[in-house]
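Chain by chain, the residues:
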Amino acid sequence: MPQRWGGRKLAGEFRSPETAITAPRPRLAVLIDGDSIPVRAAAEAFPAAVRLGRVTLCHVYGSLTPMARALWRNAAAEVPGLPAPRLVHRTGPNAADFKLSIDAAALAPADFEGVCLMSCDGDMVHAVQHLRERGLTVHVFGQAQTARALQRMASRFHLIEFPTRTTRPAAESGTRA
C-alpha cells in the first residue's frame with residue numbers, strides 16, 4: 001500500500017500501469033551550461049529531464065544578461081515539475097564551467113540518485129566521471145556537436161534536437177544580390 005499524506009500520494013511516487021506498483025522516483029539535479037546550450041534547446045530537454053525523475057535542483061551557469069535570465073526563467077516555468085532555476089552568473093573564460101564542475105562535485109549521493117547535465121562542452125568530462133565514480137547516474141543532454149568524450153562518459157546521452165531558423169535565399173526574400 002503506498003504511503004499517503006492527507007489521502008494523496010506522496011510527491012515523488014509514480015504508479016506503473018503494467019504492474020500497479022508504486023515506487024519512489026529518483027531525485028535529480030539539473031545542471032545547465034548556459035554558455036554552450038541555448039535556451040531553446042534546453043526548453044526542449046526540460047520535459048525529458050522531468051520524466052526521468054523528481055527534479056529537486058535546477059541551476060543555470062553562464063554569462064547571463066538580464067534578457068537571458070528572463071528567457072531561462074520563462075522556459076523553466078513552462079514545464080510542470082521543474083523548479084525555478086537558480087541562475088549562476090559568472091564572467092571570464094571558463095568561469096561558468098569551473099563553477100558548474102565545483103557544484104557538481106559537491107552534490108551528495110545521499111541527496112540525489114542522478115544528475116541531468118545539459119552541455120556540449122568537453123570540459124565537463126571530468127565532472128561527469130567524478131559523479132559516476134560516486135555512484136550517481138549521469139544523463140547528459142547535448143546537441144550533435146557535443147564532444148564525443150562527454151557522450152561516452154555519460155550513463156546515457158540524450159540528443160537535443162530542435163528546429164533551427166532557416167534563412168531564405170535572397171531571391172525568395174525579395175532582395176536582389
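Fair warning: this is a prediction, and the values are worked out from it, not measured in the lab. Numbers given to residues run from 1 along each chain, matching the order in which its sequence is written. At least 70 in pLDDT is required for a residue's local features to be given in this predicted model, at least 80 for side-chain atom pairs to be given and counted, and no such filter applies to totals for whole chains, interfaces and linings, which use all residues. The side-chain figures draw on all heavy atoms in the structure; neither hydrogens nor water molecules are used.

**Some words on the overall build of the protein chain**
Numbered from the N terminus, helices here are DSSP runs of H or I no shorter than four residues, and strands are runs of E no shorter than two. Counting secondary structure elements, the protein chain contains 6 helices and 10 strands. Relative to all contacts within the protein chain whose residues are 6 or more apart in sequence, the contacts with residues 24 or more apart total 66%. In this description, accessible areas are obtained by the Shrake-Rupley approach with a 1.4 Å probe, and a residue is regarded as covered only by the protein chains that are shown. Here the protein chain has roughly 10300 Å² of accessible surface; of this, 54% comes from carbon and sulfur atoms. By definition in these notes, contact holds between two residues if any of their heavy atoms fall within 4.5 Å.

**Concerning the side chain of Asp 121**
Looking at the secondary structure, you find Asp 121 in the loop between strand 8 (114-118) and helix 4 (125-133). Buried and without a salt bridge, Asp 121 has Arg 148 as its closest oppositely charged side chain, separated by 14 Å. N or O atoms closer than or at 3.5 Å make up a polar contact, with two conditions inside protein: a donor-capable atom paired with an acceptor-capable one, and, for residues adjacent in sequence, both atoms drawn from side chains. A distance of 3.0 Å separates a polar side-chain atom of Asp 121 from the backbone nitrogen of Asp 123. What Asp 121 contacts, discounting residues up to four positions off in sequence, is Asp 33, Ser 36, Asp 97 and Leu 150. Here the term buried applies to any residue with accessible area under 20% of the maximum for its type, exposed to any over 50%, and partly exposed to those in between, with areas from a 1.4 Å probe on protein chains only. In this charge count, Lys and Arg are treated as positive and Asp and Glu as negative; neither His nor the chain ends contribute. What counts as a salt bridge is simple: a side-chain nitrogen of Lys or Arg found within 4 Å of a carboxyl oxygen of Asp or Glu.

**Some details on the packing of helix 1 (residues 39-52) against helix 2 (residues 66-77)**
A fitted line through C-alpha atoms serves as each axis, taken over the contacting stretch for helices, and the angle formed by two N-to-C directions is quoted from 0 to 180°. At a minimum axis separation of 9 Å, helix 1 and helix 2 run at an interaxial angle of 20 degrees. As far as their axial angle goes, helix 2 and helix 1 are roughly parallel. You can see that helix 1 and helix 2 cross each other, and the crossing is right-handed. For the pair helix 1 and helix 2, the contacting residues are Val 39, Ala 42, Ala 43 and Phe 46 in the first and Leu 71, Trp 72, Ala 75 and Ala 76 in the second. These descriptions rest on fixed angle ranges, namely under 35 degrees for roughly parallel, over 145 for roughly antiparallel, 65 to 115 for roughly perpendicular, and the rest for oblique. A crossing counts as left-handed when the near helix is turned anticlockwise from the far one by less than a right angle, and as right-handed when that turn is clockwise.

**Some thoughts on the sheet that holds strand 8**
If you walk across this open sheet you meet the 6 strands as 7-6-5-8-9-10, and the pairing is parallel. Looking along the sheet, the strands with just one partner apiece sit at the ends: strand 7 (86-89) and strand 10 (156-159). For this sheet the average axis-to-axis angle between neighbouring strands, irrespective of direction, equals 20 degrees. Two strands form a pair only when DSSP identifies at least two bridges running between them. Sheet analysis places strand 8 next to strand 9 (residues 137-142), joined by 5 bridges and oriented parallel. Residue pairing across strands places Leu 117 opposite Val 140, the latter belonging to strand 9. Sheet contacts for helix 2: strand 5 (27-33), strand 6 (54-62) and strand 7; angle to strand 7, the most-contacted strand, approximately 155 degrees.

**Points about the side chain of Ser 119**
On the secondary structure map, Ser 119 appears in the loop between strand 8 and helix 4. Look at Ser 119 and you get buried, because its relative accessible area is 0%. Side-chain polar atoms of Ser 119 contact the side chain of Asp 33, separated by 3.4 Å. Polar contacts involving the side chain of Ser 119 include one to the side chain of Ser 36, which spans 3.5 Å. Look past the residues within four positions of Ser 119 in its chain and what remains in contact with it is Asp 33, Ser 36, Ile 37, Met 124, Val 140, Phe 141, Gly 142, Thr 146 and Leu 150.

**Examining the nonpolar core**
To define a nonpolar core, start from buried Ala, Val, Leu, Ile, Met, Phe, Trp, Tyr and Cys residues and group those joined through side-chain atoms within 4.5 Å. Counting 27 residues, the largest nonpolar core has Val 30, Ile 32, Phe 46, Trp 72, Leu 82 and Met 118 as the members making the most contacts within it. When contributions to this core are tallied by element, the ones reaching two or more residues are strand 5, helix 1, strand 6, helix 2 and strand 8. Setting aside anything within four residues of it in sequence, one finds Val 30 in contact with Ala 49, Val 55, Leu 57, Cys 58, His 59, Cys 116 and Met 118. Ranked by size, the runner-up nonpolar core spans 21 residues in total, among them Ala 29, Ala 96, Leu 107 and Val 128.

In short, geometric facts, not functional conclusions.
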